[in-house]
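Each chain is listed here by its residues.
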Amino acid sequence: MVLAPMAGITNVGFRRLCREQGGGIYVCEMITTVALVERNPKTLRMIAFGDDERPRSLQLYGTDPEITAAAVRIVVEKDLADHIDLNFGCPVPKVTRKGGGSALPWRRRLFARLVRAAVDAASPAGVPVTVKMRKGIDDDHLTYVEAGLAAQDAGVAAVALHGRTAAQRYSGTADWDAIATLKQSLDVPVLGNGDIWKADDAAANGRPHWVDGV
Ligand SMILES: Cc1cc2nc3c(=O)[nH]c(=O)nc-3n(C[C@H](O)[C@H](O)[C@H](O)COP(=O)(O)O)c2cc1C
């Protein structure tokens, strides 16, 4: 079970409350790679984990492979986290218009380079890297299968798919058929994400929302 990262919400206190309910992976708030590389004091303060928090799961957001690699090197050299997730889910038009966030996988070569740069920087320390993405920009520009395969080739430990496009933002319903399609396309574990409002949504009747192998 993974608590999806939520900016402004999944801080160290919120995660502690969640961890009291049992084990799992509780991803911290998104950390911007540029801010980390620039040693922004507010960003450094956001990388806070409980003394007993394991794994320490950190989400990074970036659009540049070199800066992302530099940020990952800081994380591993300073032993700031045990797991790094890369955020390709941000649907904010201000970000996607410039080709970032959930639009980034559309730029296939950049996406592959960025993920590989993160994996290469993290793997000497044995820190697994995962990616979290959406289905694509909109229904005419779906990227999730190709991006999932590229991420797998780059060496990620798992891929999380939020079953919506960027154009949908948080509206409509999450497409769990797309999550199943991705699961069938990849060998690495696939995490399904979207429309889990309460524990029963994830756990009731067996695992209706969990794709085989997760
Ligand atoms: C307030 C808020 C902040 C979020 N921040 C992030 C974030 O920083 N990184 C990320 O990958 N997803 C972020 N998300 C998306 C969630 O991780 C998740 O993918 C989404 O909420 C799943 O859809 P659901 O709300 O239908 O369950 C955020 C969502 C919300 C509601």
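(A) Region of the structure containing the side chain of R19. Topologically, R19 is positioned in helix α1 (residues 12–19). Relative accessible area serves as the criterion here: at 17%, R19 is assigned to the buried category. The residues touching R19, leaving out its near neighbours within four places in the chain, are Y26, G50, D52 and E53.

(B) Examining unusual backbone geometry more closely. The amide bond that connects R54 to the next residue, P55, takes the cis arrangement and shows omega of -5°. Residue position: P55 is located in the loop between α3 (41–46) and β3 (57–61). Although it is not a glycine, D79 sits at a positive phi angle of roughly 50°. Take D79: it is sitting in the loop between α4 (65–77) and β4 (83–88). You can call D79 partly exposed: its relative accessible area is 47%. Even without being a glycine, D195 presents a positive backbone phi close to 65°. Along the chain, the position of D195 falls in the loop between β7 (190–193) and α9 (199–203).

(C) Layout of the side chain of H83. Examined against the element boundaries, H83 turns out to sit in strand β4. Using a relative accessible area of 9% as the deciding quantity, one classes H83 as buried. For H83, the side chain forms a polar contact with the side chain of T130, separated by 2.8 Å. When neighbours within four sequence positions are excluded, H83 is seen to be in contact with I25, R56, S57, L58, V127, P128 and T130.

(D) Main features of the packing of aromatic side chains. Counting across every chain of the model gives 1 aromatic pair. Here the guanidinium or amino end of R134 rests over the ring plane of Y170, the centre of that ring lying 5.0 Å away.

(E) How the structure looks around the site of the ligand. Of all residues adjacent to the ligand, which total 16 residues, the nearest are P5, K132, R164, N193 and D195. A7 places a polar main-chain atom, nitrogen or oxygen, 2.9 Å from a nitrogen atom of the ligand. At a separation of 3.2 Å, a nitrogen atom of the ligand approaches a polar side-chain atom of N87. Against a free-state accessible area of 610 Å², the protein chains account for coverage of 78% of the ligand. Looking at the shell around the ligand residue by residue, the classes come out as 8 nonpolar, 5 polar and 3 charged.

(F) Representation of the pairing of β3. Of all the 5 residues making up β3, 5 are buried; the element is thus mostly covered by neighbouring parts of the structure. Side chains S57, Q59 and Y61 project from β3 onto one buried face, and the interleaved L58 and L60 project onto a second face that is buried too. As defined by bridge partners, strand β2 (residues 25–32) adjoins β3 across 4 bridges and the pair is classed as parallel. Looking at β3, one finds that V27 is bridged to S57. Looking at chain direction, β3 and β4 are connected through 4 bridges and run parallel. The partner of Q59 across the bridge, within β4, is D85. Regarding topology, α4 serves as the crossover connection from β3 to the parallel β4, and that connection is right-handed.

So, how was this worked out
Residues numbered from 1 in each chain as written. Predicted model: local features only at pLDDT ≥ 70, side-chain atom pairs only at ≥ 80, totals over all residues. Heavy atoms only, no water. Helix = DSSP H or I, 4+ residues; strand = E, 2+ residues; numbered from the N terminus. Buried < 20%, exposed > 50% of the residue type's maximum accessible area, 1.4 Å probe, protein only. Contact = heavy atoms within 4.5 Å. Polar contact = N/O pair within 3.5 Å; in protein donor to acceptor, adjacent residues only side chain to side chain. Phe/Tyr/Trp six-rings, centres within 6.5 Å; stacked < 30°, edge-to-face > 60°. Lys NZ or Arg CZ within 6 Å of the ring centre and 35° of its normal. Near = heavy atom within 4 Å. Areas by Shrake-Rupley, 256 points an atom, 1.4 Å probe, with all protein chains shown as cover. Nonpolar A, V, L, I, M, F, W, Y, C, P; charged D, E, K, R; others polar. Pairing = 2+ DSSP bridges. Right-handed = clockwise from strand over helix to strand, strands pointing away.

Any functional reading would require information that these geometric values do not contain.
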